[in-house]
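Summary of the model geometry
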Amino acid sequence: LSNRLQNVFGKLKGKGKVSENDVKEAMREVRLALLEADVNFKVVKDFINKVKEKAIGQEVMKSFTPGMVIIDIVNKELTSLMGETHSKLNKSNKPPTVIMMAGLQGAGKTTTTGKLAKYLQKQNHKPLLIAADIYRPAAIKQLQILGEQIDTPVFSLGDKANPVEIAKQGLQQAKENHNDYVIIDTAGRLHIDEDLMNELKDIKETVKPDEVLLVVDSMTGQDAVNVAESFNQQLELTGVVLTKLDGDTRGGAALSVKAVTGKPIKFAAMGEKIDALEPFYPDRMASRILGMGDMLSLIEKAQTNIDEEKAKEMERKMRKAEFTFEDFLEQMEQVRNMGPLDQIMDMMPGMGKMKNMKNLNVDEKQLGRVEAIVRSMTTEEKRKPEILNASRRKRIALGSGTSVKDVNRLLKQFEDMKKMMKQFSTMMGGQGKKGKKP
Ligand code: GDP
Ligand code: MG
């Protein structure tokens, strides 16, 4: 999913201007990517409609950076699809807080029970684990081994006792031993069946859990959503744990589960190790799905830090090659506000190309020197660099703590840059050259 989306956005990002058709095309591809990732078709339809609506509302086409605006909208919608904000574990006013795990066989219930205990332990809680899976061979042993590993007690009555009775007595023991959390590991089946559901309902009735967490294998795609839907109908879940996100998962489960069941994903498991469990953050998952990591926060930064009006004015000047050292300085300041230069250059429409061109060095240290030189110029000099004769250049070098050679080099670069901008504006259609508005 990530790769596909990245391609779509890669195309958009490279463009200075995006037409309505480009947007439509991008949305078609996003739609296909989501369907291929096994996202529920109803969810996809809603999603695309929402993005389109927002894209039109925000007048993407008139924006200076339409590609970024669209990526931003998609990112926000992905986040909201998965629940907007992180959803915490419920907590009982009267300890212990009871957490009941449910899910199909092999989803990761027992493993997650251990991980959750470790997670709670780290926050200074004292969990008790209850082994209520009497069917799967060695399920009790598996939980006991996990318990030993993290020094957490495991309550069991062996595999001959009734699971409801086990849960009830386990809870009693937790109260006596002042455990503030109880996690009940239950049995699963390969498929949903009535016996299993009845047993789980009975346990739920008896212990009245504060959390009923469905453990879902994220590798099972569309199936995961069906499973989640029926568990939710029968058991009224309070949340979901997505497991095996470390694998080659297509991400579809994460995207549809919340949308279909309305129940938040509370944790994500990313490996077999005992500490491979993390609270689930919709925004981080959205970034992961978009495959751009920090790129997205950069986009946001860019949007808040670059003044749109100024950017447009700058673009106009660049097209006309009216660009002066004053503009140069102003642009540098705007870019500075955003952070690491290389990444930002990549993000700016057209700039990615410029970065690779000769004579345009984006070394940060070099930039500091450049800035100092420009600041040592008088206003007139900034506006009309052609008046910079030898004595003026010498004065500037002294004032900026650089050498005449540095000053000369910058002036040469500036001339090159202006030439390049002229070429660039021709490349982009050259509308500005004759003073016509597109
Ligand atoms: P249960 O039947 O629901 O109790 O499932 P288990 O806890 O026994 O897990 C089934 C298998 O999935 C085991 O081999 C686990 O090691 C593995 N597993 C569980 N969670 C994860 C995970 O997040 N990542 C990976 N890679 N494997 C997991
Ligand atoms: Mg198990």
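Residues numbered from 1 in each chain as written. Chains lettered and ligands numbered in written order. Predicted model: local features only at pLDDT ≥ 70, side-chain atom pairs only at ≥ 80, totals over all residues. Heavy atoms only, no water.

As named in an unreviewed UniProt entry, the protein is Signal recognition particle protein, taken from Chengkuizengella marina. Under the UniProt heading Catalytic activity (unreviewed entry), the note attached to the protein is "GTP + H2O = GDP + phosphate + H(+)". According to the UniProt record, the Subunit (unreviewed entry) comment for the protein reads "Part of the signal recognition particle protein translocation system, which is composed of SRP and FtsY." (UniProt positions renumbered as here; feature names shortened; annotations may be inferred.)

Let us look at the pairing of strand S5 (residues 211-217). For a regular strand, the rule is simple: side chains alternate between the two faces of the sheet. Most of S5 is tucked away, with seven of its seven residues classed as buried. The side-chain alternation of S5 yields two buried faces, one formed by Glu211, Leu213, Val215 and Asp217 and the other by Val212, Leu214 and Val216. Looking at chain direction, strand S1 (residues 97-102) and S5 are connected through four bridges and run parallel. Its bridge partner being in S5, alanine 102 is matched across the sheet by leucine 214. Relative to strand S6 (residues 239-243), S5 runs parallel, the two being bridged by five bridges. Along S6, the bridge assignment pairs leucine 214 with valine 240. (Buried < 20%, exposed > 50% of the residue type's maximum accessible area, 1.4 Å probe, protein only. Helix = DSSP H or I, 4+ residues; strand = E, 2+ residues; numbered from the N terminus. Pairing = 2+ DSSP bridges.)

This part takes up the site of ligand 1. Lining the immediate surroundings of ligand 1 are 17 residues, of which Gly106, Lys109, Thr111, Arg136 and Glu272 lie closest. At 3.4 Å, a side-chain N or O of lysine 115 approaches an oxygen atom of ligand 1. In the model, an oxygen atom of ligand 1 is placed 2.7 Å from a nitrogen or oxygen of the glutamate 272 side chain. Bound to the protein, ligand 1 loses 81% of the 580 Å² it would expose on its own. (Near = heavy atom within 4 Å. Polar contact = N/O pair within 3.5 Å; in protein donor to acceptor, adjacent residues only side chain to side chain. Areas by Shrake-Rupley, 256 points an atom, 1.4 Å probe, with all protein chains shown as cover.)

Tracing the backbone through its elements, the reader meets aspartate 151 in the loop between helix H6 (139-149) and strand S3 (154-155). A relative accessible area of 71% places aspartate 151 in the exposed class. Each C-alpha atom, one on aspartate 151 and one on alanine 117, is 9.8 Å from the other, the two residues being 34 residues apart in sequence.

According to the stated counting rule, one finds two aromatic pairs in the structure shown. Their ring planes at 80° and their centres at 5.0 Å tell us that tyrosine 119 and phenylalanine 267 sit as a pair that is edge-to-face. Linking tyrosine 119 in helix H5 (residues 109-122) with phenylalanine 267 in strand S7 (residues 265-269), this pair joins segments that are 148 residues apart in sequence. Summarising the aromatic geometry, the rings of phenylalanine 325 and phenylalanine 414 are spaced 3.9 Å apart at their centres and angled 20° between planes, so their arrangement reads as stacked. Separated by 89 residues along the polypeptide, phenylalanine 325 in helix H14 (residues 325-336) and phenylalanine 414 in helix H20 (residues 404-427) bring together distant segments of the chain. Exposure remark for phenylalanine 325: the relative accessible area of 0% places this residue in the buried category. Cation over ring: arginine 189 sits above tyrosine 135, and NZ or CZ is 5.0 Å from the ring centre. Positioned above the aromatic ring of tyrosine 281 is the side chain of arginine 284, whose terminal nitrogen or guanidinium carbon lies 4.0 Å from the ring centre. (Phe/Tyr/Trp six-rings, centres within 6.5 Å; stacked < 30°, edge-to-face > 60°. Lys NZ or Arg CZ within 6 Å of the ring centre and 35° of its normal.)

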